[in-house]
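# Per-entry structural report
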Amino acid sequence: MAEVILEALGIRKGFSELVLADISLRLERGEILGIVGPNSCGKTTLLRILAGLEGYYEGEVRRNGSLGIVFQEDRLLPWKTLMENICLGLKYAGRRDIEKALNYARRLGISEEDLRSFPRRVSGGTRRKAAIARALALEPEIILMDEPFTGLDFSTMVTLRSSLADLLRERGISAIIVSHQLEDLLTVVDRCVVMTPKPSKIGAELNMRGMGLEERINALKDVLMRMVSDHGP
Amino acid sequence: MIKIGALSSFILLLLLWEAISLPGLLPSPLSTLRYIASLDPDLIALHTVITLYNSFAGFSLSMLLSLALGFLSHRNEFIRGFSMGICSIFNSTSALIWSLVLVSTIGILSPLPPILVASAVSLPQLLSATIAALDSVDKNLIEAVRSLGGSSANEYLDVIIPGSLPMIIAASRVALGLSLRISVVAEAFGSSGGIGYMIMRSYNLADAPGVLAWSLILIALVLALDRLLLMPVEERSSSWLK
């Protein structure tokens, strides 16, 4: 059995109402796990709990590796160039392997000219790539990504999905990708958990390793049909 | 188009001044310029330097206080309330009152009243702008820096200070201009030098061209300072916004 690098046990969290009712999940080393669910079901809250950014919740999170986060918003410092933003974590860690960080940026498709530009002057897609490159630059063992493909145009989304999946697998980085759109994850993840509407639980889990695209689509369709009949649309 | 609009306002004011001077109510623009040309350049330089010194010293004092109180207010609710109180009180007190109170308590021979008046008048502008600028910093960016392993010092150096700087510098531009205009009021009431002192001296001697000439020198000084120093600094601090 593969080593579990991140595990959540019985997570419960509410604000004015209960959002996460009882969530348990695990991430294996080198695995890419997708979390999908309807809007407002608490996906971002769950990700923040896994990242250690959210206080006051019930349950337990066990982590056995360094962590990088890609937030839903790009959160690039607007007064720094993309290059400075990407190297920010390295600066804090006192590391000088800037070239390695910039390689991630180039692999994701950021041009040299864009690297020297301020975030305001580049496209939304390039900003998103820079946010991902910034998280990858520290070469974390786990990376958590909140809706990394949302709001991108089709061609940017397709190329980013493919280059990101290649990078993660090549480097053996374990990842959790949260999305409200199944198609975001179909070609990228090894396993997928589907959250129910709030108060959320894990409604279904699907191992997609070794499946072709058509098989993945059919398997997910079956899972969703089952969930709709159990929990409503 | 903006430049033409700005130039038009200058021309309009000049024409109005010329019109008022025709019945002899005021010396004309030309006679005022002739008066300035007749002044000893060393005298102009001396009193300009005194006024600049008073306003810069007053502005620097209020800037230091604003930054200290602003950053402390960002971390402590009591100091925030205290700073808000200071802003309200100082905002409600006119430059005339500060001038009279400070001249009568510190004395006419002291160089302090013009400096303190400039400081008292610019303090609420700078302090409220500093507090608002710090409040407006995006908390998500602070969280992003933390998630990358940044320390509290990194949060200040990489997010809070650069994020609040454009707003503080824009307020400084207004506050420095205000300090310059207000320090001359204190100079007029209780000082032995400066443009304000020269305006009051000319007025007491019924020297109308002198009043206008020194006033014009003050206006030119404020404009030059704004265009040559403050505007470029403001533009530089917010270059990433463009």
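You'll find chain B entered in an unreviewed UniProt entry as ABC transporter permease subunit, with Candidatus Korarchaeum cryptofilum given as the organism. Entered under Sequence similarities (unreviewed entry) in the UniProt record, the comment concerning chain B runs "Belongs to the binding-protein-dependent transport system permease family."

An unreviewed UniProt entry annotates chain A as ATP-binding cassette domain-containing protein of Candidatus Korarchaeum cryptofilum.

### A word on the UniProt feature "domain: ABC transporter" (unreviewed entry) in chain A
Under the UniProt annotation, the feature "domain: ABC transporter" (unreviewed entry) is placed at residues 4-222 of chain A. Segment residues 4-222 of chain A splits into 36% helix and 28% strand. End C-alpha atoms: 28 Å apart.

### Regarding the packing of helix α3 (residues 41-75) of chain B against helix α6 (residues 112-135) of chain B
Residue and element names in this part refer to chain B. Running from N to C, α3 and α6 cross one another at 35°; their axes reach a closest spacing of 7 Å. Remark: the crossing between α3 and α6 carries right-handed chirality. Its residues assigned to classes, the contact of α3 with α6 shows 17 nonpolar, 11 polar and no charged.

### Let's talk about the pairing of strand β9 (residues 200-207) of chain A
Each regular strand carries side chains that alternate between the two faces of the sheet. Residues and elements named next belong to chain A. For strand β2 (residues 18-28) and β9, the ladder comprises two bridges, and the chain directions are parallel. Across the sheet, Leu20 pairs through a bridge with Ser200, a residue of β9. In the sheet, strand β8 (residues 191-195) pairs with β9 via five bridges, with the strands oriented antiparallel. Residue pairing across strands places Val194 opposite Ala204, the latter belonging to β9.

### Focus: the UniProt feature "transmembrane region" (unreviewed entry) in chain B
When the UniProt feature table is mapped onto this chain, "transmembrane region" (unreviewed entry) is found at residues 45-72, 84-109, 115-134, 174-199 and 211-230 of chain B. Spanning residues 211-230 of chain B, this segment combines 100% helix with 0% strand, and its end C-alpha atoms are found 27 Å apart.

### Quick notes on the sheet that holds β8(A)
Residue and element names in this part refer to chain A. The mixed open sheet is built from nine strands, whose spatial order is β4-β1-β2-β9-β8-β3-β7-β6-β5. Edge positions in the sheet fall to β4 (58-63) and β5 (67-70), since each of these pairs with one other strand and no more. Taken pair by pair, the neighbouring strands of this sheet meet at an average axis angle of 15°, ignoring direction. One ladder, built from five bridges, connects strand β3 (residues 32-36) with strand β7 (residues 174-179); its direction is parallel. Within β7, the position partnered with Leu33 by the bridge is Ile176. Sheet strands in contact with helix α1 (residues 43-51) are β1 (4-14), β2, β3, β4, β5, β6 (142-146), β7 and β8, and its direction is about 125° off that of β1.

Rules behind the numbers
Residues numbered from 1 in each chain as written. Chains lettered and ligands numbered in written order. Predicted model: local features only at pLDDT ≥ 70, side-chain atom pairs only at ≥ 80, totals over all residues. UniProt positions renumbered as here; feature names shortened; annotations may be inferred. Helix = DSSP H or I, 4+ residues; strand = E, 2+ residues; numbered from the N terminus. Axes fitted to C-alpha atoms, helices over the stretch in contact; angles between N-to-C directions. Left-handed = near helix turned anticlockwise from the far one by under 90°. Nonpolar A, V, L, I, M, F, W, Y, C, P; charged D, E, K, R; others polar. Pairing = 2+ DSSP bridges. Contact = placed C-beta atoms within 7 Å.

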